[in-house]
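Here is how the chains run, residue by residue.
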Amino acid sequence: AANRLGVFSFLTKNEATVKEIADGLSCKERGIKSLLDALVGCGYVLESNGKYEMSPQARKSLTPDSPHSVNNFLELNYLNWEWLGDLEKAIRTGMSLDMHHSELLDPEGWRRYIYGLHDLSKMAAKEVVLRFRLKPTQKLLLDIGGGHGVYAAEYCRKYPFLKSMIFDLPPSVEVGKEIV
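Residues numbered from 1 in each chain as written. Predicted model: local features only at pLDDT ≥ 70, side-chain atom pairs only at ≥ 80, totals over all residues. Heavy atoms only, no water.

J.: If you had to explain the packing of helix H8 (residues 107-131) against helix H9 (residues 150-158) to someone new, which residues and values would you point to?
T.: The geometry of H8 relative to H9 is characterised by a closest axis approach of 9 Å and an angle of 35° between their N-to-C directions. Classified by chirality, the crossing of H9 by H8 is right-handed. Contact with H8, carried on its side by His118, Ser121, Lys122, Ala124, Ala125, Lys126, Val128 and Val129, involves Val150, Tyr151, Glu154, Tyr155 and Lys158 of H9 and no other residues of that element. (Axes fitted to C-alpha atoms, helices over the stretch in contact; angles between N-to-C directions. Helix = DSSP H or I, 4+ residues; strand = E, 2+ residues; numbered from the N terminus. Left-handed = near helix turned anticlockwise from the far one by under 90°. Contact = heavy atoms within 4.5 Å.)

J.: Account for helix H6 (residues 71-85), with residues named and values stated.
T.: Taking 1.5 Å per residue, 15 residues should reach 21 Å; H6 reaches 22 Å between its end C-alpha atoms and fits that length. Within H6 the residues assigned to the buried category are Asn71, Glu75, Leu76, Leu79 and Trp83. Taken end-on, H6 shows its buried residues confined to a sector of 160°, consistent with a single buried face. Across H6 from its buried face, at more than 90 degrees, point the exposed residues Trp81, Leu84 and Gly85. Buried-residue contacts for H6 involve helix H1 (2-5), helix H2 (7-13), helix H5 (56-62), helix H7 (87-93) and H8. (Expected span 1.5 Å × (residues − 1). Buried < 20%, exposed > 50% of the residue type's maximum accessible area, 1.4 Å probe, protein only. Arc of directions from axis to C-beta.)

J.: I'd like to hear about the packing of aromatic side chains, residue by residue, with values.
T.: The tally for this structure, following the rule as stated, stands at three aromatic pairs. An angle of 15° between the planes, with centres 6.2 Å apart, marks the rings of Tyr155 and Tyr159 as stacked. Tyr155 sits in the buried class, given a relative accessible area of 7%. Note on Tyr159 and Phe161: the rings are 5.6 Å apart at their centroids and 65° apart in plane angle, and the pair reads as edge-to-face. For Tyr159, a relative accessible area of 8% corresponds to the buried category. Each residue in the set Tyr155, Tyr159 and Phe161 is aromatic and connected to the rest through ring pairs, giving one cluster. Above the plane of the ring of Tyr78 lies Arg4, whose end atom (NZ or CZ) is 3.5 Å from the centre. (Phe/Tyr/Trp six-rings, centres within 6.5 Å; stacked < 30°, edge-to-face > 60°. Lys NZ or Arg CZ within 6 Å of the ring centre and 35° of its normal.)

Here is the structure:
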């Protein structure tokens, strides 16, 4: 909620009081105060003398323009909640839920999905490349389902002799083109 309401973006600019944040985000003070209290409890926000600011860790991962931002992943969680809402129906009927089916996600849904996966992959890509090494004889990397391109790009950075090809569903590829 803090991400969608703009609390992180607001606090990235400067520290502020509950009233300043509520007014700036067109929210009620009571709701913002409750949200801020929760964010303080989680360590994302610091409070001192009635003023709130981002914690150093939150500044790194929750500032929208940070290279380490996970804000898109937070948006992906809204889709996850929607999908999990159909879990009972899937269990009752025995039908699986194919979240990659093109009718399940509209273009904006695909965008949230791939950008959310992109945020997670940025955190893991260097580790994956370190653990799964390539030999100089390997010249081509085929990344199946890697529409955001993070893993392929990281491998190509590590191995300049490597060329990569990404194979994914068309809506994923369209979003991946924006990212790449």
